[in-house]
Amino acid sequence: TTTSHFSHVESISKLSAAGKISGVNAVVLGEALASEEDELVFPNDEFSRQALVPSPKKYLEMYKRSVEDPAGFWSDIASQFYWKQKWGRPVFSENFDVRKGNVKIEWFKGGITNICYNCLDRNVESGNADKIAIYWEPNDPGSQDSLTYFQLLQRVCQLANYLKDKGVKKGDAVVIYLPMIMELPIAMLACARIGAVHSVVFAGFSAESLAQRIVDCKPKVVLTCNAVKRGSKVITLKEIVDAALVESAKSGILVDLCLTYENKSAMKRESTKWREGRDVWWQDVVPKYPTTCEVEWVDAEDPLFLLYTSGSTGKPKGVLHTTGGYMVYTATTFKYAFDYKPSDIYWCTADCGWITGHSYVTYGPLLNGATIVVFEGAPNYPDSGRCWDIVDKFKVTIFYTAPTLVRSLMRDGDEYVTRYPRKSLRVLGSVGEPINPSAWRWFFNVVGGSRCPISDTWWQTETGGFMITPLPGAWPQKPGSATFPFFGVQPVIVDEKGAEIEGECSGYLCVKSSWPGAFRTLYGDHERYETTYFKPFPGYYFSGDGCRRDKDGYYWLTGRVDDVINVSGHRIGTAEVESALVSHPQCAEAAVVGIEHEVKGQGIYAFVTLVDGVPYSDELRKSLIHKVRNQIGAFAAPDKVHWAPGLPKTRSGKIMRRILRKIASRQLNELGDTSTLADPNVVEQLIALADR
Ligand code: WTA
């Protein structure tokens, strides 16, 4: 076949044949290359020799099978997990084409399993009972905690028993609003054990955002803690939950149980605001329950979790993942993309409030019996060397983080890194946004000592796991490129009309057929699922990302092409920020665009028009920003507010964001055609006010 999903296979073959891919020791070829596309960084021989996928040849074999015989490929892998009852036939079924009816994806249907059992019991029974499952590093350096697989299982069982006792049953939703303490993965696993559907809400979200999610998924219980320290700040999470529960009650959603962990290092229970009857201290009840708990066996297609993410309207989308396919996919992607070995110590800096924390803090690694590091604090506290202090302390071998952190540490200087030996590191990873080549090189040369391959993993909340990613050891990397598709993934690049483009090109990144980790629906809104992801380019899943494929078949992600901004690797919908701004009584209209930001990747730039007669002032600017922090969370606060007496609109009233983006980035001579505007003078006015 010469269909385009094999084009990269041919490219790798050609590169190999031309002797371009061989085991040359790791070097970053000179900067004098014609273009970034020509820069190849080779894994060293020894790394490749010991790698799970040691060569392009091996990858090509596996990849071909994965797309030609997906049922066989994935069944073989799935068989390595415990299934109470094996799945039926077909192994998977899908309708990816909206024109042929409702979109539907199923993997391993009829298979009966439990992901918590596969993460814990299976590892305990196979000789890993005393292996460390979690190392926990608190915000303040100097102490630590840990749990073996056996201890983790016991903790999970106690919480599972408690939840069951409180009436939480299979299919019930549980909202988890916790920081990075061990109780967060424990809570996720406990829900999974009893078949409850967890919905973790990142503990940086505001009360309003939390309330919105509670109203949408109607949980039986909310799990939280009283407070957390991040750096030198104390954040009183329980008060945020209190406010959210008042808010959600207004919509008729009453939650009558709020299990609260006393996070002593941040706040004592005596200082915690309390609602008798509803609030219960975790430590007072959970440890009294038995340390074993019967597993609730579920179908592979039973829901595992809901995770809300931003889209192009103000309402967050409840991305729903099911059990079996997600389990097989996260475990497999983790294993290959990080070349996981049982002796590895793995640290992913992501918070479990995001998909990266779901798939690659909790499920993927634990399914592999890995030892993980969970870090409560901030990476630059007490100083910018904290990460490397932690790496040395636990002898971390695989370090997975986001480009924004790499850039911010890079700015702070090499000395914070070189002060620590970091000898244990062998694989690095990056996720959340495109990593710019200069940050890539710094990560590679300075952090990794020029010996650790970087897995730049492209994927999304919706995809459940890695889609395009290097396999360290298999082929040379290009700084800034996520390289090639993972097994079973058939990426295609399409033009505006939805036609596939072959070879070297750029366009919209789509996927051609399903993979086990794909999300199955948007909770309560299958129509929105189809409209957002499957209707833009019928026949494909549309990622929302732009992408380029170079002459060697490498994929380069170029960023979102929809109304989503990626700030420090956090997805934020422009519509969400706009609706927060216009809820300010003095704001009449708002238009938000992304701008380039040195550390965050993208920053938020907000144009606001004010209610008639209201003067613009610094105070008002602050109060507008405050409104966004309150409504969404601090991470969504605009970097710049631009007062706009009027916004550039077409005669039909549509805001011309193209022009706003140019003004925001000060590319004033690239404004393009403004003659179609209802009032072309608006543009001059905006430019004049740019630096107010
Ligand atoms: C972006 C995070 C380039 C992309 C796992 C995607 C990336 C969005 C990469 C999903 C990467 C993530 N290179 N861009 N390696 N990883 N993205 O749902 O725009 O929070 O669509 O999932 O992040 O963000 P989400």
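Residues numbered from 1 in each chain as written. Predicted model: local features only at pLDDT ≥ 70, side-chain atom pairs only at ≥ 80, totals over all residues. Heavy atoms only, no water.

## Let's talk about the pattern of salt bridges
Enumeration according to the criterion identifies 41 salt bridges in this entry. Lys-238 serves as the salt-bridge partner of Asp-279, at 2.7 Å between the closest nitrogen and oxygen. On the criterion of sequence distance, the pair formed by Asp-279 in strand β12 (residues 279-281) and Lys-238 in helix α10 (residues 237-250) is long-range, its members being 41 residues apart. Assessed through its relative accessible area of 5%, Asp-279 is described here as buried. Since its relative accessible area comes to 1%, Lys-238 is described here as buried. Arg-520 is the salt-bridge partner of Glu-301, the closest N and O atoms lying 2.9 Å from each other. Residue Glu-301 is found in the loop between β13 (298-299) and β14 (303-309), and its partner Arg-520 is found in the loop between β23 (505-511) and β24 (521-522); the two are separated by 219 residues along the sequence. Like Glu-301, the residue Arg-520 is buried in the burial classification. Linked through salt bridges whose partners overlap, the residues forming this network are Lys-238, Asp-242, Arg-278 and Asp-279. (Salt bridge = Lys/Arg side-chain N within 4 Å of Asp/Glu carboxyl O. Helix = DSSP H or I, 4+ residues; strand = E, 2+ residues; numbered from the N terminus. Buried < 20%, exposed > 50% of the residue type's maximum accessible area, 1.4 Å probe, protein only.)

## Here's the deal with the sheet that holds strand β22 (residues 500-501)
Taken together, five strands build an open sheet; the order of strands is β22-β21-β23-β25-β26 and the sheet is antiparallel. Only two strands of the sheet have a single partner each, and these edge strands are β22 and β26 (555-560). (Pairing = 2+ DSSP bridges.)

## Re unusual backbone geometry
The amide bond that connects Arg-89 to the next residue, Pro-90, takes the cis arrangement and shows omega of -5°. Among the structural elements, Pro-90 can be located in the loop between α4 (70-78) and β1 (92-95). The phi angle at Asp-339 is positive, at roughly 50°, despite the residue not being glycine. As for its placement among the helices and strands, Asp-339 is situated in the loop between α12 (324-337) and β16 (345-348). Classification of Asp-339 by relative accessible area gives buried; the value is 2%. Backbone geometry places Arg-422, a non-glycine residue, at a positive phi of 50°. By the element assignment, Arg-422 lies in the loop between α16 (415-418) and β19 (427-431).

## Quick word on the environment of Phe-205
By the element assignment, Phe-205 lies in the loop between β7 (197-200) and α9 (207-217). The exposure class of Phe-205 is buried, given its relative accessible area of 8%. In this structure the C-alpha to C-alpha distance between Phe-205 and Arg-629, which are 424 residues apart in sequence, comes to 8.6 Å. Leaving out residues up to four positions away in the same chain, Phe-205 has contacts with Tyr-177, Arg-213, Ile-240, Trp-354, Ile-632 and Phe-635. (Contact = heavy atoms within 4.5 Å.)

## Considerations on the site of the ligand
Taken together, 17 residues surround the ligand, and among them Asp-456, Thr-461, Asp-545, Arg-560 and Arg-571 come closest. Interatomic distance of 2.7 Å between a backbone N/O atom of Thr-457 and a nitrogen atom of the ligand. Measuring from an oxygen atom of the ligand, one finds a side-chain N or O atom of Arg-571 at 2.7 Å. Notes on the ligand: free accessible area 520 Å², of which the protein chains cover 97%. When the residues that make up the shell around the ligand are grouped by side-chain class, the tally is six nonpolar, six polar and five charged. (Near = heavy atom within 4 Å. Polar contact = N/O pair within 3.5 Å; in protein donor to acceptor, adjacent residues only side chain to side chain. Areas by Shrake-Rupley, 256 points an atom, 1.4 Å probe, with all protein chains shown as cover. Nonpolar A, V, L, I, M, F, W, Y, C, P; charged D, E, K, R; others polar.)

## Focus: the packing of aromatic side chains
Under the criterion given, the structure shown has 62 aromatic pairs. Where Tyr-82 meets Trp-297, the ring centres are 5.6 Å apart and the plane angle is 55°; that geometry is what we call tilted. You can see Tyr-82 sitting in the loop between α4 and β1 and its partner Trp-297 sitting in the loop between α11 (282-285) and β13, a full 215 residues away along the chain. Judged by its relative accessible area of 31%, Tyr-82 is partly exposed. When its relative accessible area of 22% is taken as the criterion, Trp-297 is described as partly exposed. Ring geometry for Phe-96 against Phe-534: centres 5.3 Å apart, planes inclined by 80°, an arrangement best described as edge-to-face. Taken together, the residues span a long stretch of sequence, with Phe-96 in the loop between β1 and β2 (104-107) and Phe-534 in helix α18 (residues 526-534) at a distance of 438 residues. Joined through ring pairs, the aromatic side chains of Tyr-59, Tyr-63, Phe-73, Trp-74, Tyr-329, Tyr-336, Trp-475, Phe-484, Phe-486, Phe-487 and Tyr-554 make up one cluster. We note Arg-213 situated over the ring of Phe-205; from NZ or CZ to the ring centre the distance is 4.3 Å. (Phe/Tyr/Trp six-rings, centres within 6.5 Å; stacked < 30°, edge-to-face > 60°. Lys NZ or Arg CZ within 6 Å of the ring centre and 35° of its normal.)

## A few points about the confidence of the model for the protein
On average, residues of the protein carry a pLDDT of 94, and 96% of them reach 70 or more. Every residue in residues 22-32 is under pLDDT 50, and counting partners more than four places away or in other chains gives 24 contacts. Overall fold confidence (pTM) sits at 0.95, and the ipTM for the predicted complex is 1.00. (pLDDT = per-residue confidence, 0-100.)

## Quick notes on the pairing of strand β8 (residues 221-225)
Burial analysis of β8 places five of its five residues in the buried class, which makes it a mostly covered element. The side-chain alternation of β8 yields two buried faces, one formed by Val-221, Leu-223 and Cys-225 and the other by Val-222 and Thr-224. Relative to β8, strand β6 (residues 173-177) runs parallel, the two sharing four bridges. Of the residues in β8, the one forming a bridge with Ile-176 is Leu-223. Where β8 and strand β11 (residues 258-261) come together, four bridges link them in parallel fashion. Opposite Leu-223, over in β11, you have Leu-259 as the bridge partner.

## Focus: the pairing of strand β20 (residues 454-457)
The two faces of β20 match: Ile-454 and Asp-456 on one face and Ser-455 and Thr-457 on the other face are all buried. Pairing analysis gives four bridges linking β19 to β20, with the strands arranged parallel. Residue pairing across strands places Val-431 opposite Thr-457, the latter belonging to β20.

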